[in-house]
Amino acid sequence: MLVFVARRLALAVVVVVGVIVVTFAVAHLVPGDPASVWAGPHASAAQVAAARKFLGLDRPVAVQLLSYLGGILRGNWGTSIHTHRAVLSDIMTAAPATLELVITALLIAVVLGVPLGLVSARHPGRPADQLIRAGSILGVSMPVFWMALILQLIFSQKLHLLPAAGEYSPGLLFSHPLVKRTGFPVIDSILGGNGPMLGSTLVHLILPAVVVASYPAGLIARMVRAQVLDTIGDTHILNARALGFGEAQIFGRFAMKLAWPPVAAALALVFGYSLVNTFLVESIFDWPGLGSYAAASIATLDTPAILGVTLFVAIAYVVANLVVDIVQAAIDPRVRPA
Amino acid sequence: MIETPTLPPLDASLPRGAALWRGLRANPLLAVGGALVLLIVVVAVLAPLIAPFPGDAGNASHPFSVLHAPSPAHWFGTDQVGRDILSRVIYGTRVSPVIAVIVLVIACAIGVPLGVAAGFLGGWVDELIMRITDIFLAFPPLLLALALASVLPASLTSLTIAIAAVWWPWYVRLLRGQAASVAGRPYVESCRALGISRRRIIFRHILPNALTPLLVQVSLDVGGVILTASALSFLGLGAQDPTPDWGLMVAEGQSYFTPDWWLVTFPGLAILVTAFAFNLLGDGLRDLLDPKRSLLL
């Protein structure tokens, strides 16, 4: 097991270095000469040359890449052109709001997707199955930015059931101030025993989380169905049937047990996808997270910020895959290669 | 990070006649998806004949019919400069679906040769190609496409390049699995023993066997590419006005959304229906032709 973890970790490090190299390459794809852009339109040739030296662009590409890599490792992720702050500190400020949103969305996706997938597999080919399959394919076909706008229109503008934007009602800050401990508003209000604030944060989470959950819920329902149908004829299921277990137990307990590993792998995948989907959704809901930051950076063509967010999300995605692989290997020895 | 994908059965081939009919009967979703895709293709081909105001697909302006609600004259209403939204939605079938086809052709053109090389040649070639592929697969596709598109000048060409640049690794993985499984079979070994050239083995045995899974994967990917392209256009990184791109239309309509809901609703619905149609088709084709395929590849 230790050997597996060590090998898996080493692979993850290699991939992260590769990811940094790709991000560096993207940064250097910018058409035109960054030095002359930096120096401004009326700069003289000497000023452009000075800018090139100042920006380190006169060094060989390999040296530039090494210094970029070193900078990333030391926490120097560049300075945002738009906010004039260090990109990494901007990201750290924004990350908790996004993680809270994505984790809530994944919880919704599991709570919806697993039972739907099981019902679908219980009656393959029947109307309920067709309906659930169509619904789950609809979920993965959803343009999330459009769904966000439509749900906002229906549930907050027309029906006035849910708040349209923000993480909580700002008015509450005067009567029930939110004490910052972890940066996650839901957790902070629980830790602070702040009931009204907790209610407000949860109500504000509903719409954005449901939107972000559409893709993962659809994918999980499809995976559970496929996986359960694959194992439902196996001898251990036959055995459980012979022992007189009810169908609910057969599906929910015995068949589902074998479906969890691929579902967990899918969760790591959709964690990464959902982080990116927040780029499309957060600004619509005025959610102060990475997605809003990324969308604003894209709108202002703030390259250091865009690449910083790209790197952060890619690393988070690699780490999520790593964690799922290690947890699976810990639970199921068959996953560990010799 | 990469597990070897579950290999589809090698005898998978396109069913014809009665078998095809049985497949469609057993899988009504495939029939619905196929019919919708056909409809979208017909609309795209006949757009100039179907669209009530073909001129509105481009740079038209009608100051006296700005932001009209849906009516018998304009079924989907009009936009902020008075263009007929139905006409623009109809012409939109010629934008992102066509981009999806171009992206997938490029992705296959890069991914298929690399995958065949990795799977058939093995050794260090395989190692090198797959490690590079792994790194590209470490990005969620939309993320890297976003980063690429944001450093390129905003245009449909940049958008196509950005998405194609992140889509090819999936085809390398698919083709490598196929090629490796065929390359290890006894009949290919006997081909080698007979001195048949690698080129001939690849074209006669490896590629034909990979065709069905490739077809399934392409049909599964069209919806994903359309969603990715629409997302980039929504963020302003793709199509520019007056291109009748659905993602761009949603973005432009956003500021008029309340109370003028039709600006966003119909173009977005077009994205949803198109992605849904292709995903139904792809899902159904997988069930029919390649039932062992994992959903995750």
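Please refer to the structure higher up on the page.
The rules behind the values
- Residues numbered from 1 in each chain as written.
- Chains lettered and ligands numbered in written order.
- Predicted model: local features only at pLDDT ≥ 70, side-chain atom pairs only at ≥ 80, totals over all residues.
- Helix = DSSP H or I, 4+ residues; strand = E, 2+ residues; numbered from the N terminus.
- Buried ≥ 20, exposed ≤ 12 C-beta atoms within 10 Å, placed from the backbone.
- Contact = placed C-beta atoms within 7 Å.
- Core = buried A, V, L, I, M, F, W, Y, C linked by C-beta atoms within 7 Å.
- Nonpolar A, V, L, I, M, F, W, Y, C, P; charged D, E, K, R; others polar.
- Expected span 1.5 Å × (residues − 1).
- Bend = angle between axes of the 7 residues up to and from the residue.
- Axes fitted to C-alpha atoms, helices over the stretch in contact; angles between N-to-C directions.
- Parallel < 35°, antiparallel > 145°, perpendicular 65-115°, else oblique.
- Left-handed = near helix turned anticlockwise from the far one by under 90°.

(A) Spotlight on the overall build of chain B. Along the backbone of chain B there are twelve helices and zero strands. Counted from the first residue to the last, chain B has its helices and strands arranged as α-α-α-α-α-α-α-α-α-α-α-α. With the principal axes as the frame, chain B shows a C-alpha extent of 80 × 50 × 30 Å. Taking all 297 residues of chain B together, the buried fraction comes to 49%. Within chain B, residue pairs in contact and separated by at least 24 positions form 73% of the contacts whose partners lie at least 6 positions apart.

(B) Quick look at the overall build of chain A. Along its length, chain A carries 14 helices and zero strands. Sequence-ordered secondary structure for chain A, helices as α and strands as β, is α-α-α-α-α-α-α-α-α-α-α-α-α-α. The buried share of chain A, taken over its 338 residues, is 40%. In chain A, once contacts between residues fewer than 6 apart in sequence are set aside, the share between residues at least 24 apart is 70%.

(C) Focus on the nonpolar core. By size, the foremost hydrophobic cluster in this structure holds 173 residues, and its most contacted members are V19 and F145 of chain A together with A145, L146 and I163 of chain B. Take this core: its biggest share by element is 17 residues, from helix α8 (residues 156–183) of chain B.

(D) Local environment of the environment of V228 of chain A. Among the structural elements, V228 of chain A can be located in helix α10 (residues 195–231). Residue contacts for V228 of chain A: discarding those within four places in its chain leaves G117, L118, A121, F251, A255, M256 and A259 of chain A.

(E) Spotlight on the interface of chain A and chain B. Each side of the interface is counted separately: chain A has 50 residues, and chain B has 42 residues. For the side of chain A that touches chain B, the per-class residue count stands at 39 nonpolar, nine polar and two charged.

(F) Spatial organisation of unusual backbone geometry. The residue after D241 of chain B, namely P242 of chain B, is reached through a cis peptide bond having omega 10 degrees. Residue position: P242 of chain B is located in the loop between α10 (198–234) and α11 (246–253). Cis geometry is adopted by the peptide bond preceding P259 of chain B, which originates at T258 of chain B and carries an omega value of 5 degrees. Along the chain, P259 of chain B falls in the loop between α11 and α12 (262–289). In this structure, H160 of chain A takes a positive phi of about 55 degrees despite not being glycine. For H160 of chain A, the position within the fold is in the loop between α7 (144–158) and α8 (172–175). Classification of H160 of chain A as exposed rests on a count of 9 C-beta atoms within 10 Å. With a phi close to 55 degrees, L67 of chain B is a non-glycine residue in the positive phi region. Among the secondary structure elements, L67 of chain B is positioned in the loop between α3 (47–50) and α4 (85–92). Exposure remark for L67 of chain B: the 16 C-beta atoms within 10 Å place this residue in the partly exposed category.

(G) Helix α7 (residues 141–151) of chain B, seen in detail. In terms of residue burial, α7 of chain B counts as a mostly covered element, since ten of its eleven residues are buried. On its buried side, α7 of chain B packs onto α1 (2–27), α12 (247–281), α13 (290–299) and α14 (303–331) of chain A together with α8 and α10 of chain B.

(H) Summary view of α10 of chain A. Residue and element names in this part refer to chain A. For α10, which comprises 37 residues, the first-to-last C-alpha distance of 45 Å sits more than 12% below the rise-based estimate of 54 Å (1.5 Å per residue). Maximum bend of α10: about 40 degrees, positioned at A213, with proline P216 one to four residues after it. Of all 37 residues in α10, 28 are buried, a share of seventy percent or more.

(I) Quick peek at the packing of α12 of chain A against α14 of chain A. Residues and elements named next belong to chain A. Where α12 contacts α14, the two axes come as close as 9 Å, and the packing angle between them is 170 degrees. Of the possible angle classes, the one that applies to α12 and α14 is roughly antiparallel. Taken together, the residues of α14 that come into contact with α12 (itself represented by P261, A264, A265, L267, A268, F271, G272, L275 and V276) are V313, A316, Y317, A320, N321, V324 and Q328. Here the residues of the contact of α12 with α14 are counted per class, giving 13 nonpolar, three polar and no charged.

(J) Expanded view of the environment of Y187 of chain B. Residues and elements named next belong to chain B. On the secondary structure map, Y187 appears in helix α9 (residues 186–193). What makes Y187 exposed here is the crowd of 10 C-beta atoms within 10 Å. With 101 residues separating them along the chain, Y187 and L288 place their C-alpha atoms 27 Å apart.

(K) View of the packing of helix α6 (residues 127–140) of chain A against α12 of chain B. As a packed pair, α6 of chain A and α12 of chain B sit with axes 9 Å apart at the nearest point and diverge in direction by 125 degrees. Taken together, the axes of α6 of chain A and α12 of chain B lie oblique to each other. For the crossing formed where α6 of chain A meets α12 of chain B, the hand is right-handed. Of α12 of chain B, the residues touching α6 of chain A (which contributes I137, L138 and V140 of chain A) are F276, N279, L280 and D283 of chain B. Across the contact of α6 of chain A with α12 of chain B, the residue classes break down as five nonpolar, one polar and one charged.

Keep in mind these numbers describe shape, not what the thing actually does.
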